[in-house]
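Remarks on the overall topology
Each chain is listed here by its residues.
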Amino acid sequence: MSFFGEFPDPDLLWRDMDAATRSGETASVEALLKEIPLDGEGRRRIAKTARRLVEKIRRRGAGQGGGSTPFFTNTNCPTRKVSC
């Protein structure tokens, strides 16, 4: 078996993985969002898709005691409400 190029320093990889596992979710998401080149149109498309998915979940559970609560409970999402 042959490899091309040099392997990265495993100590640096372990350090980065260790730091990532200890960082909070909010800090991680904020850092990742800074790396994504989103313009106003990209953000609008994301908001539109998120809104459509939430509305679909709500319709599916309407009248069945379901809605979004079981979804967020089963996925360990925080319960803080977000308006779209």
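These notes cover the structure that comes with them.

What counts and what doesn't
- Residues numbered from 1 in each chain as written.
- Predicted model: local features only at pLDDT ≥ 70, side-chain atom pairs only at ≥ 80, totals over all residues.
- Heavy atoms only, no water.
- Patch = residues over 30% accessible without salt bridge, like charges linked within 9 Å, V, L, I, M, F, W, Y side chains within 5 Å.
- Areas by Shrake-Rupley, 256 points an atom, 1.4 Å probe, with all protein chains shown as cover.
- Salt bridge = Lys/Arg side-chain N within 4 Å of Asp/Glu carboxyl O.
- Helix = DSSP H or I, 4+ residues; strand = E, 2+ residues; numbered from the N terminus.
- Buried < 20%, exposed > 50% of the residue type's maximum accessible area, 1.4 Å probe, protein only.

Together, Leu13, Trp14 and Met17 make up a nonpolar patch on the protein surface, roughly 350 Å² of accessible area in all. Within the secondary structure, Leu13 sits in helix H1 (residues 10-22). Judged by its relative accessible area of 42%, Leu13 falls in the partly exposed class.

As enumerated under the stated definition, the model contains three salt bridges in all. Asp18 is paired through a salt bridge with Arg22; the nearest N and O atoms lie 3.1 Å apart. Highlighted residues: Asp18 and Arg22, both in helix H1, separated by four residues, approximately one helical turn. You can call Asp18 partly exposed: its relative accessible area is 37%. A salt bridge links Arg44 to Glu41; the nearest nitrogen and oxygen atoms lie 3.4 Å apart. Placement of both Arg44 and Glu41 in helix H3 (residues 40-61) is noted, with a separation of three residues, approximately one turn of the helix.

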